[in-house]
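Single-letter residue listing:
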Amino acid sequence: MPDIRWTEPAGQEPGAPRVAHWHSESGAPAPRRVTVADDRMKADVAYRLACEGTALLWRGDYQGARQLLQALGRRLDRLTPKPGATPAETFHRHRQARGHRARVLGMLLVVLEEDHSLALRRAPDVRQACTEAYGPPERRTAVSLRELLGVIGAHEWRKKGVEIPALGARVHPHYGVFSPVRGEYVDLVATAPLPAPAARPQGTAFDLGTGTGVLAAVLARRGVGRVLATDSSPRALACARDNVERLGLTGRVRVEEGGALYPEGRAALVVCNPPWLPARPTSAVEQGVYDPDSAMLKAFLAGLADHLEPAGEGWLIISDLAEHLGLRTRDDLLGAFAAAGLGVVDRHDAKPRHPRASDPGDPLHAARAAEVTSLWRLAPLA
């Protein structure tokens, strides 16, 4: 990423040129135009500049920056897209609107100093949160305030953790790792009947795309003798390793290095909870929700038969939200099973419990209200 440059306003080393390394977790390019902003800037002026592509480098009061970000958000809220002619069109319009919102709000920038601190009045101490998300500090860095607030929120989630009733314990998500706040998919893995080979003391299971490691931990607590967990994200691998250690399961769960979907060998049970929507993610955390062209789903199905022991099963945990949005059909899913030489042993369903499922103001309410999360028990066809 290139650097960004600015000149401090009067009263703050006037005329002194400053520089900071640009960083964006979503991969947004460095803004071409940057103007210094402080508490004197009006929200309407800031909104116009941000919409035009001019970044606002904040050098005023930290709480003032948060208030300005909220004011920008309220102006963007007035731009609710009209429903499309089809659920898929409504979804794509919704995604476009969310993308525009993210671009505009991402134009309000702050500078992290060489030690990850914020040199703004009334700024909190963000050094630990930024170190957890970005790694050890190296140089002055410019980031969007919106991203920094996400980093701070992730730090609080990491400290507090998420209560998992199936474990009787908390799982601590790291920044950029999908948090298991939707408990229905965890409950499905906690209650589906284990295939006989997996329930033995020497039974082996694979947890593909482990994320926080929550499903690997559930399987170990259910009595699976050995669980191998994989993920393509280094952040997820570190997070899963941390949670496995916190839960005292290091002797039963091994987090694999390398980033491959499947570990070597075969297992009595292979569990995969891929991203549920075939669309392009726009940030690190969205990779837990969006899977372009269903690539992970297809890779799981294609490799399953070759990685199962005799009488073993593959468990696919997936929502049918994509079907209600017109992004995938049930025939597409069943056809993918058949193309991989897999048959359905059974299916266990759960209704979502998250707030948006019952929010009529959500643009995708009709699809969310009809959504069902399923655990498909798959096995190779004879």
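Scope of this entry: the structure provided in the associated data block. Keep in mind the model is a prediction, meaning the values are calculated, not measured.

Quick look at the overall build of the chain now. Scanning the chain for helices and strands turns up 13 helices and 15 strands. For the chain, the C-alpha radius of gyration of 23 Å lies close to 21 Å, the compact-globule estimate for 382 residues. Along the three orthogonal principal directions, the C-alpha set of the chain runs to about 75 × 50 × 35 Å. Burial status across the chain gives 52% buried among its 382 residues. Once local pairs closer than 6 in sequence are excluded, the contacts in the chain between residues at least 24 apart make up 67%. When the accessible surface of the chain is summed, it comes to about 17700 Å², and 51% of that surface belongs to carbon and sulfur atoms. One way to put it: in the chain the 49 positive side-chain charges average out to a point 4 Å from where the 44 negative ones average out.

Moving on: empty space enclosed by the protein. Counting across every chain of the model gives two cavities of 30 Å³ or more. Lining the largest cavity are I318, S319, D320, E323, R328, R330, L333, V372, S374 and W376. Among the elements of the structure, β13 (308-319), α12 (330-339) and β15 (373-380) are those that each provide at least two residues to the lining of the largest cavity. Taken as a whole, the second largest cavity encloses approximately 30 Å³ of empty space. Lining the second largest cavity, in full, are A129, E132, A133, V151, A154, H155, R158 and Y175. Elements with a contribution of two residues or more to the lining of the second largest cavity: α4 (127-134) and α5 (145-160). Sort the elements by how many residues they give to the lining of the second largest cavity and α5 lands first, with four residues.

Thresholds applied
- Residues numbered from 1 in each chain as written.
- Predicted model: local features only at pLDDT ≥ 70, side-chain atom pairs only at ≥ 80, totals over all residues.
- Heavy atoms only, no water.
- Helix = DSSP H or I, 4+ residues; strand = E, 2+ residues; numbered from the N terminus.
- Rg over C-alpha atoms; globule rule 2.2 N^0.38 Å.
- Buried < 20%, exposed > 50% of the residue type's maximum accessible area, 1.4 Å probe, protein only.
- Contact = heavy atoms within 4.5 Å.
- Areas by Shrake-Rupley, 256 points an atom, 1.4 Å probe, with all protein chains shown as cover.
- Lys, Arg positive; Asp, Glu negative; His and termini not counted.
- Charge placed at Lys NZ, Arg CZ, Asp CG, Glu CD.
- 1 Å grid on protein atoms, 1.4 Å probe; cavity = no way out; pocket = protein on both sides within 12 Å on 5 of 7 lines; lining within 4 Å.
- Points joined across faces, edges and corners; volume = space filled by probe spheres on them.

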